[in-house]
Structures are given as structure tokens and as C-alpha cells.
Amino acid sequence: AQSVTQLDSQVPVFEEAPVELRCNYSSSVSVYLFWYVQYPNQGLQLLLKYLSGSTLVKGINGFEAEFNKSQTSFHLRKPSVHISDTAEYFCAVRAGIQGAQKLVFGQGTRLTINP
Amino acid sequence: EPEVTQTPSHQVTQMGQEVILRCVPISNHLYFYWYRQILGQKVEFLVSFYNNEISEKSEIFDDQFSVERPDGSNFTLKIRSTKLEDSAMYFCASSAPGGSGNTIYFGEGSWLTVV
């Protein structure tokens, strides 16, 4: 079975500082990895995804993530954050080859940007 | 950009009442899902639906829950007799055919409060 662990429940950062949100996964099969963002009172929006190929994946809003198979990690990074990045970030794993495979989410990391 | 739409955005219901949450998935998508997020907790998979039948369901999705695609556009989640612990944000989602790498798109959510 797949599982995801997000190591930090809350991350406070000053504006324009870099940030890393950590995610580790567990799976016995090939995985697809995703980061979703949830802004206050909104739904889940895809930030980026790793399917195969280059281990460094770039997403929207200046975010990127690196897939590390040996460390089973998929950490999310941004070199300089803005107030508007304040949100809950969810790492998720999806496994299997069938189209209806579900996403398994981590607990989420609340990113708070301070001025 | 196409999006998944959900209604209602917020519903308050009395314990024991039936609730139907409605969703319009993205038009060319064939896989449909419901997820749930209890306040302060992670997003949990409830059920996936493909070709007019349930593909997979979680332990949460007991006999009180049912899903239906009554026509070519809507996808509904029914909770037969609501309990206090059913209070949560319910997300509908859909994905296109072509494999597990395809993005799952989420709606804005329906916030259910059971009193």
C-alpha cells in the first residue's frame, strides 16, 4: 500500500525567503507523485507532478520539486516566497497503471508567509 | 480552463437526514472520484467510479454512502442517514482516460455540516 508523510505540519517563513516542504512516500510499485495547494476556502489545485524522466520538476507559481528514489522523497521548494503563497500544501502519491487509481495524500503542511 | 463544479458549496443538515452532493466533472473525463477532508485533517479517498460502476472504495465508504451518474454530466454522492462525524469538506474530482499519470482535477468542495 502507498503512504505519504509530510514531516512538517506548519512552516512559517519570511517573505522573499526560500522554503522547502518535505514529503516522503512509501510504495512497492512505480509511483506518480503530486503536490497540490489549497488556498484558504478553496479547492485543491495541482502545483506539479512527477511521472517519469527528469527528477527535477517545475510547476506553477515558481515552485519546483525533486524526486529522489533512493530517499523516497519528493520535497517541494521555492527560492523566494510571497505573501500569496500562504496556503496548505499536500503531497500525494498515485500508483498503478489503471486510470482510476486513487491519490493518497499526506497530512498537509501549512505554509505561512510573514512580511 | 475546464473545471469541476460542485453544488452546494455549503449545506447544513440535521443528523439522520439524507444529503445529496452534486458534481459536474470535466466533460471529456471518464474517471470520477469523491474525497473527504475533515476539518484539520488530511484529504481522504472515498470512492472512484468508471464505466458506470465503482472501481474502488475506501473503508469510509460504507452502506450509508452511494454514488451515481444519473445522466451524461452529473456525478452525485448520497449520504443516506447523516451522522455528526460526516461533517467535512467533500471534494469531487475527475480525470481523463490514458493512465494514472493523468492529473486528477478537483472541484471547490462542498462543506457539509451535520448538526
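Remember, it's a predicted structure, so these values are computed and weren't measured experimentally.

Enquirer: Got a minute to help me understand the overall build of chain A in this structure?
Expert: Scanning chain A from N- to C-terminus turns up 0 helices and 12 strands. Reading the helices (α) and strands (β) of chain A from amino to carboxyl end gives β-β-β-β-β-β-β-β-β-β-β-β. In terms of overall dimensions, chain A has a C-alpha envelope of 45 × 30 × 20 Å along the principal axes. Put simply, chain A has 115 residues, and 45% of those count as buried.

Enquirer: Quick question: what am I supposed to make of the state of the cysteines here?
Expert: Two cysteines joined by a covalent bond between their sulfur atoms form a disulfide. In the structure shown here, the tally under the stated rule is 2 disulfides over all chains. Between the sulfur atoms of Cys23(A) and its disulfide partner Cys91(A) the distance amounts to 2.0 Å. Across the S-S bond of Cys23(A) and Cys91(A) the torsion is about -65°, and the bridge reads as left-handed. Of the two residues, Cys23(A) is situated in the loop between β3 (19-21) and β4 (24-26) and Cys91(A) in strand β10 (residues 87-95); the sequence distance between them amounts to 68 residues. Assigned by exposure class, Cys23(A) and Cys91(A) land together as buried. With its sulfur 1.9 Å from that of its partner, Cys23(B) forms a disulfide with Cys92(B).

Enquirer: Please explain the nonpolar core as it appears in this structure.
Expert: One recurring pattern in soluble globular proteins is that nonpolar side chains are buried together. Of all hydrophobic cores here, the largest spans 29 residues; its most connected members are Trp35(A), Leu48(A), Phe74(A), Leu76(A) and Tyr89(A). At the level of elements, β2 (10-14), β3, β5 (31-38), β6 (44-50), β8 (64-68), β9 (73-78), β10 and β12 (109-114) of chain A are the ones that each hand at least two residues to this core. Counting residues in each nonpolar core, the second largest holds 22 residues, with Val4(B), Phe65(B), Leu77(B) and Cys92(B) among its members.

Enquirer: Can you help me understand the environment of Ser3(A) in this one?
Expert: All names here are of chain A. Note on placement: serine 3 falls in strand β1 (residues 3-5). Between the C-alpha atom of serine 3 and that of valine 93, which follows or precedes it by 90 residues, the distance is 7.3 Å. Once residues within four sequence positions are removed from consideration, serine 3 is found in contact with Asn24, Tyr25, Ser26, Val93 and Val104.

Definitions and limits used
- Residues numbered from 1 in each chain as written.
- Chains lettered and ligands numbered in written order.
- Predicted model: local features only at pLDDT ≥ 70, side-chain atom pairs only at ≥ 80, totals over all residues.
- Heavy atoms only, no water.
- Helix = DSSP H or I, 4+ residues; strand = E, 2+ residues; numbered from the N terminus.
- Buried < 20%, exposed > 50% of the residue type's maximum accessible area, 1.4 Å probe, protein only.
- Disulfide = S-S within 2.5 Å.
- Core = buried A, V, L, I, M, F, W, Y, C linked by side-chain atoms within 4.5 Å.
- Contact = heavy atoms within 4.5 Å.

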